[in-house]
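Given next are the chains, with one letter for each unit.
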Amino acid sequence: MFRRRKRSPDDFASEVHAHLQLEADDLRAEGLTEAEARSAARKTFGNATAAVERFYEKGRWLWLDHLAQDLRYSLRSMRQGAGFAIAAVLTLALGMGANTAIFSLMDTVLLQSLPVADPPSLYFLRYAGAKGTGISPPYPCFETFRAEASSFSGVAAFGGSDLSVRIDGRAERVSGRRISGDYFRVLGLNPVAGRLLTPSDEQLDPPAGVIGYAYWQRRFGGNPDAVGKTFVMAVGDDKKTVDRTFTIVGVTPAGFYGLLPGRPDDLMVPTTTLPAMVRDTGSPWFESIARLKPGVTPNQARAQADALFQSYMREHPTSAENRRDNFNHMELAPAARGLGELRERFSAPLKALMAVVGMVLLIACANITNLLLARAARREREFAVRVAIGAGRGRLARQLFVETATLFLTGAAVGALLAWFATRGLLAFLAGGLHPIRLAMHWDWRILTFTTLVSLLATFLSGAAPVLRAIRTDPHAAMNGGARASASREHAAMGRLLVAFQIALSVVLLVGASLFLRTLRNLYSVDPGFRADHVALVSVELIESSYTQQVPRIAAWDRLLTTVRRLPGVQWASLAAMTPLDGSGRRVGLSAPSFTPHSDEDGFVSLNTVSEDYFASLGTPLLRGRAFTEEDSAGVPAVAILNESAARHYFADRDPLGTVVNINSRSSRIVGVVRDVRQTDIRQNAGRVVFIPLRQPYDRNFHMTLAVRTAVDPQSLIGAVERSVRNGSPSVLIGSSHTLAQQVDQSLLAERLLSWLAAAFGVLALVLSAVGLYGVMTYSVARRTSEIGIRLALGAQPARVARSILRQTVSIVGVGLAAGIPASILVARAVRHLLYGVGPADFATQAGAAILLAAVALAASYLPARRAARIDPLTAMRYE
Amino acid sequence: MPTQRSDDDRIALLQGTLDLLILRTLVFGSRHGQAIARAIQQNSEEVFLVDHGSLYLALQRLEEKGWVGAKWGISENNRKARFYSLTSKGRAKLTAKTVQWRRLARAMGLILGPEDREA
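Residues numbered from 1 in each chain as written. Chains lettered and ligands numbered in written order. Predicted model: local features only at pLDDT ≥ 70, side-chain atom pairs only at ≥ 80, totals over all residues. Heavy atoms only, no water.

(A) Inspection of the overall build of chain A at higher detail. Counting its regular elements, chain A contains 27 helices and 22 strands. By the compact-globule yardstick of 29 Å for 880 residues, chain A is too spread out, its C-alpha radius of gyration being 38 Å. Counting only C-alpha atoms and orienting by the principal axes, one finds that chain A spans roughly 135 × 80 × 50 Å. Of all 880 residues assigned to chain A, the portion counted as buried reaches 51%. Surface exposure of chain A reaches about 38700 Å², of which carbon and sulfur atoms provide 59%. Averaging the positions of the 96 positive and the 73 negative side-chain charges in chain A gives two centres separated by 7 Å. (Helix = DSSP H or I, 4+ residues; strand = E, 2+ residues; numbered from the N terminus. Rg over C-alpha atoms; globule rule 2.2 N^0.38 Å. Buried < 20%, exposed > 50% of the residue type's maximum accessible area, 1.4 Å probe, protein only. Areas by Shrake-Rupley, 256 points an atom, 1.4 Å probe, with all protein chains shown as cover. Lys, Arg positive; Asp, Glu negative; His and termini not counted. Charge placed at Lys NZ, Arg CZ, Asp CG, Glu CD.)

Structure representation (structure tokens):
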């Protein structure tokens, strides 16, 4: 009970005083003299001062008093040792700031729940089989879940794709979501303006859409008038679409970005805008999210969804293989944190970075421990005096802890400030690529708790040794000065051990950083099957309603190519449905004579529709036959080109040229074979690809990417290309423009983040260790000043003295390396899956790290060694 | 004449006993601390050793519990002193604690037997 006392200690003391007088009065009345009476009264009372003190301490928030005292004291001593305090706080700010920054990024990417009602009761419903887990079963199956699964209070569907819309007559491309009518009800969201979509909006009568908060701000400046505005969007399927006018009826709440973290939804329209897909009984194309009813376990719900799924699969049979591999049963996946793509991509790199910053903090802590030990040695007399005049050792220890904790919390606060700026930078880095990853970072209690806990833990880690030393202070010996040599010898040994520990950790970090950097370099130097330099990519869309017929559509693409080819600086210009590493894909069945597929999978290839000159534009070598020409058009028999993998798969050693294959049951003659291109991931081989000419299309290609090889900087040509595309026709839309090199960069975003940050932290670790070593060696020289002075006076060579100091460094570094290199192998083995083209136990890397560290260590101890060599014997003898 | 016996004959107060003794001395009206100390010592035939520091802390405790009230006043020989008096809550506590003590004393007496049988 911390009730505040109403009575002051002064009042209590005056009562005690009154008692003594009254007692003396009584005693005098009993016959004692004045003096006798006074002293007897005092004697009977016992220790009056102690009573007053006990009164003071009783019921008071004594520890708070002491804490305030300790705090005042530590601030005072921080001010006195300003140099020490600044060094310590800076070191800690770097260490703590790195931890806070990486943790807050990790929190945002990996840990945060969606800002929806009761996230833990949300689950994704997915089909699964021997080949893993998929997405939602086809839409009609979803509809049976929605209608019949009583375990859920609601089931909603959502599928994502970019949408082309016209607002105020201007065409633009937005990040879109097609959602079932009860999507927002299932998520439990409320609009910030207007209303959200409801099941009746699925009728598209009238058509309605909802916009995201970020898009509202970006596109409409947050103007309330946005609600009620209309936009035109094509509704329909592959065969036939019609333009419909939609009304924006509302805006989703500010914190809600959609269910795919990192990709905010701009525009949400009903799933029924794709009528064919909604009817399609065989194609999965969206995700289902369901909310469990209270009291229903995920297992019960899964069983129920599975029963519905199984009966659906009986009605819509597929091949036994497909049934086993893919559509085997239903699974429930927790949806509290949304879709996992971003998490999967960044989980391992972020965890590795967390470990890295943890080690950086340990190195920083070791520096602080050394500083504190040196300071404790200097303050030995002060502690001794305080113990001698009766300070409790517990109190002394607590005060030292408060001092250390003050340092650490100040460091953490400054670090949090650094982290704030650092995370802005990190978020900008993630949002700055071609496919911006837009994250909303909230600094909430979790970040605060993390930072506080880490700084307290660090306080204990680095404060323990100095505090233990301080409370072991023997007042007698310390006052004598006799024990100082031994105590500081002990401290010096501990300091050297700590520096060796720092060096071991630095080895691990440097080895890790250089492994990651080499991984990145290896990834960039992989031969991807194309030349990424000097290629500009401009994605272009023909507005569907203006080009419904194939002939004018191809004519439009042709005109576009002709104008771009005329631009100065353009070497080759071509069009392609997919470009390397752009994340898109299209699968078709391909069968070849005398090829027997062993599984369903065997008959599938990726399809890319390209114009002539595509391979020349990308720099992909043609291995056999010929490339496409303008003559491969509608009037002549269809042709196709295979990549190496497809040629090998279907033809083994035989020559594919001239053979007629069936691509989704259309006959095409193989006219060429090209080199494999790393299409989806620079780490992986391409897989099988068939190319068909744009002038003999299979799809209705409204979207194509212009791939332009330039003689000049491709970035400088993008503007001119865009202008000529726009001038060519009012019904074209430019999606995004960038270079192929940027596209490669984007695909390696996580790797770049990891290796750059690891390198930065490696350098930080190196600097901190160098500072630590410098401190310890300087202290050691200072401690031995008189000894060195005597040696020099007796005729020792200054160079020898300096060498002995350097020898000490070498032995410390040796111990550090001996521990660090095996540790680095263990650590690198744990992150092996993040490496590419380099093993965890790479000798060159280890040797490089060791040499770098040794060089820096020797440089750091050069100054102390020189100081030792220059000690003036006379001054040294007078020392102390 | 000193009022003390030699310390050996005295009994240190049992935990919680002091509170009861204080409350009892206040039954006949308000008193200041020194008078309470004297009263306890004299009424117990000088058996109890009352540490005065503890007494004042106990008074403070009782005041905080609301069993006694206190205010500064003037003693019979014109000295400033702090006078304590029983509150109704204190009176109720006194009754309860007295009953408790009597039962304890009786039980102890039964176990230890009549005084004359003691060696």
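(B) Focus on the overall build of chain B. Per the secondary structure count, chain B includes 4 helices and 5 strands. Put simply, chain B has 119 residues, and 36% of those count as buried. In chain B, the proportion of contacts linking residues at least 24 apart, taken out of those at least 6 apart, comes to 53%. Carbon and sulfur atoms make up 54% of the accessible area of chain B, which totals about 7500 Å². (Contact = heavy atoms within 4.5 Å.)

(C) Broad picture of the side chain of Thr273(A). Residue and element names in this part refer to chain A. With respect to the element layout, Thr273 can be found in the loop between β9 (267-270) and α9 (275-279). Under the relative-accessibility criterion, Thr273 is labelled buried at 0%. Separated by 2.9 Å, the side chains of Thr273 and Arg178 make a polar contact. From its side chain, Thr273 meets the backbone oxygen of Pro270 in a polar contact 2.7 Å long. Among residues more than four places away in sequence, those in contact with Thr273 are Arg178, Leu204, Met233, Val235, Gly236 and Phe246. (Polar contact = N/O pair within 3.5 Å; in protein donor to acceptor, adjacent residues only side chain to side chain.)

(D) Seen up close, the interface of chain A and chain B. With 23 residues of chain A at the interface, the matching set in chain B holds 25 residues. Counting each side, the surface lost to burial between chain A and chain B is near 2300 Å², with a carbon and sulfur contribution of 49%. Ranking the residues of chain A by area buried against chain B places Glu15(A), Leu22(A) and Glu30(A) at the top, with a combined share of 25%. Connecting chain A to chain B are 5 salt bridges. (Buried area = accessible area lost by both parts, 1.4 Å probe. Salt bridge = Lys/Arg side-chain N within 4 Å of Asp/Glu carboxyl O.)

(E) Up close: the pairing of strand β12 (residues 535-542) of chain A. Residue and element names in this part refer to chain A. The buried fraction of β12 amounts to 7 of the 8 residues, a majority that puts the element mostly inside the structure. Two elements, β12 and strand β21 (residues 703-710), share 7 bridges in a ladder whose sense is antiparallel. Across the sheet, Ser539 pairs through a bridge with Thr705, a residue of β21. The pairing of β12 with strand β22 (residues 732-739) spans 6 bridges and is classified as antiparallel. (Pairing = 2+ DSSP bridges.)

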